[in-house]
Amino acid sequence: LRGEIMRPCSKQWRITLPYGVLYPPELQYLTADKKHHGVDIGTPIGAPVGASVNGIINELGYLRGYGLSIIIKFTTGILWNKKLYRLILAHLSEITTKKRIGQQVNKLENVALSGDSGMAKNHAHLHAEVQKLTSDGWVSVDPSPFIGAV
């Protein structure tokens, strides 16, 4: 997976909440394991957000808790050992891509602007989450080693 995903925004913006951190008690209802499933990158509203992966747009629009979001599905591996992943880019202020669900995006394309939608109201940042498809469904994995977030 290393090299498959690029950092979705400028390296000038720092990680404000890493993957796997235990939520404070008032936010523990957000996930079953009470942990943060992505990385939050502190950005001002309106910072450009890149697709970060070569993949297919799977969802565009408002997602509960995530706010305005883009989900991009992508695969890694060789023919007989392909793995399916999806990247969630959330809390956006605007989706700027003209592409729609089912269309290909390139990891170098800007697709959105960061914001504070969903549960991020009044706390602008970009939430980047990687999930892997398993026999148990979609399972979050730590994206930070792959997007240069650490």
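Shown above is the structure to which this text applies.
As the structure is a prediction and not an experimental result, all values here were calculated from the model.

How each quantity is defined
Along each chain, residue indices are assigned from 1 in the same order as the chain's sequence is written. The predicted origin of the model limits local features to residues at a pLDDT of at least 70 and limits the giving and counting of side-chain atom pairs to 80 or more, whereas totals for whole chains, interfaces and linings rest on all residues. Each side-chain value is worked out from all heavy atoms of the structure, with water and hydrogens disregarded. Counting from the N terminus, the helices are DSSP H or I runs at least four residues long and the strands are E runs at least two residues long. The globule rule used here is 2.2 Å times the number of residues to the 0.38 power, and the radius of gyration it is set against is calculated over C-alpha atoms. Accessibility here uses a 1.4 Å probe with only protein chains present; expressed as a share of the type maximum, an area under 20% marks a residue as buried, one over 50% as exposed, and anything in between as partly exposed. All accessible areas in this document rest on Shrake-Rupley with a 1.4 Å probe, and a residue is counted as covered only by the protein chains that are shown. Note on charges: Lys and Arg go in the positive column, Asp and Glu in the negative column, and His and the chain ends are not counted at all. Throughout, a charge is located at the NZ atom of Lys, the CZ atom of Arg, the CG atom of Asp or the CD atom of Glu. Computed over the protein atoms alone on a 1 Å grid, cavities are sets of points where a 1.4 Å probe fits but cannot get out and pockets are open sets with protein on both sides within 12 Å along at least five of seven lines; a residue lines them when it has an atom within 4 Å of a point. Grid points are joined across faces, edges and corners, and a volume is the space filled by probe spheres set on the points. The classification used treats Ala, Val, Leu, Ile, Met, Phe, Trp, Tyr, Cys and Pro as nonpolar, Asp, Glu, Lys and Arg as charged, and all other residues, Gly among them, as polar. For Phe, Tyr and Trp, where Trp contributes only its six-membered ring, two rings pair if their centres lie within 6.5 Å, and the inter-plane angle classes them as stacked under 30 degrees, edge-to-face over 60, or tilted in between. Residues count as neighbours in contact if any of their non-hydrogen atoms are within 4.5 Å of one another. The criterion for strand pairing is that DSSP finds at least two bridges linking the strands in question. Salt bridge criterion: a side-chain nitrogen from Lys or Arg within 4 Å of a carboxyl oxygen from Asp or Glu. Definition of a polar contact: a pair of N or O atoms within 3.5 Å, with one able to donate and the other able to accept a hydrogen when the atoms are protein atoms, and with sequence-neighbouring residues admitted only if both atoms are side-chain atoms.

Visitor: Can you walk me through the overall build of the protein in this structure?
Guide: Each helix and strand counted, the protein has 1 helix and 10 strands in total. Ordering the α and β elements of the protein from the N terminus gives β-β-β-β-β-β-β-β-β-β-α. On C-alpha atoms alone, the protein measures out to a radius of gyration of 14 Å, which is about the 15 Å that the 2.2 N^0.38 rule sets for 150 residues. Within the span of the protein, comprising 150 residues, buried residues form 40% of the whole. Roughly 7,900 Å² of accessible area belongs to the protein as shown, and the carbon and sulfur atoms make up 55% of that amount. Taken as two groups, the 17 positive and 11 negative side-chain charges of the protein have centres that lie 5 Å from each other.

Visitor: Explanation requested: the layout of surface pockets in the structure shown.
Guide: The rolling of a water-molecule-sized probe over the atoms marks out the regions of remaining empty space. Space inside the largest pocket adds up to approximately 650 Å³. Lining the largest pocket we find 25 residues, and of these Tyr23, Leu30, Gly65, His91 and Met119 sit closest to its centre. Partitioned by chemical class, the residues of the lining of the largest pocket number 11 nonpolar, 10 polar and 4 charged.

Visitor: Whenever I open this one, the packing of aromatic side chains confuses me. Can you help?
Guide: In this description, a pair of aromatic rings is defined by centroid distance and the angle of the planes. For the coordinates displayed, the defined rule picks out 1 aromatic pair. Where Phe74 meets Tyr85, the ring centres are 5.5 Å apart and the plane angle is 15°; that geometry is what we call stacked. Of this pair, Phe74 sits in strand β5 (residues 67-76) while Tyr85 sits in strand β6 (residues 83-95); the two residues are 11 residues apart in sequence, bridging distant segments of the chain. For Phe74, a relative accessible area of 3% gives the class buried. Relative accessible area serves as the criterion here: at 7%, Tyr85 is assigned to the buried category.

Visitor: Whenever I open this one, the side chain of Asp116 confuses me. Can you help?
Guide: Tracing the backbone through its elements, the reader meets Asp116 in the loop between β8 (110-114) and β9 (126-134). Look at Asp116 and you get buried, because its relative accessible area is 15%. When neighbours within four sequence positions are excluded, Asp116 is seen to be in contact with Ile45, His91, Lys121, Asn122, His123 and Ala124.

Visitor: What am I meant to see in the pairing of β5 here?
Guide: On a regular strand, each side chain points to the face opposite its neighbour's, so the side chains alternate between the two faces of the sheet. Among the 10 residues of β5, 7 are classified as buried, and the element is accordingly described as predominantly covered. Bridge count for strand β4 (residues 55-63) against β5 is 7 bridges, and the pairing is antiparallel. Bridge pairing links Glu59 to Ile71 in β5. Between the antiparallel neighbours β4 and β5 lie 3 residues, among them Gly65 with a positive phi of about 85°.

Visitor: Looking at this structure, how should I read the environment of Gly42?
Guide: In this structure, Gly42 sits in the loop between β2 (39-41) and β3 (48-50). The spacing of Gly42 and Ser114 is 72 residues in sequence and 9.4 Å in space, taken between C-alpha atoms.

Visitor: Can you help me understand the side chain of Glu129 in this one?
Guide: In this structure, Glu129 sits in strand β9. The charged side chain of Glu129 is buried without a salt bridge, its nearest counter-charge being Arg86 at 6.9 Å. Reaching out from Glu129, the side chain makes a polar contact with the side chain of Tyr66 at a distance of 2.9 Å. Apart from residues lying up to four places away in sequence, Glu129 is in contact with His37, Gly38, Tyr66, Arg86, Leu87, Ile88 and Ser140.

Visitor: Whenever I open this one, the environment of Ile95 confuses me. Can you help?
Guide: Assignment of secondary structure puts Ile95 in strand β6. Expressed as a C-alpha distance, the spacing of Ile95 and Val39, which sit 56 residues apart in the sequence, is 20 Å. Among residues more than four places away in sequence, those in contact with Ile95 are Leu60, Gly61, Leu68, Ser69, Ile70, Val111 and Ala112.

Interpretation in functional terms is not warranted from these geometric data alone.
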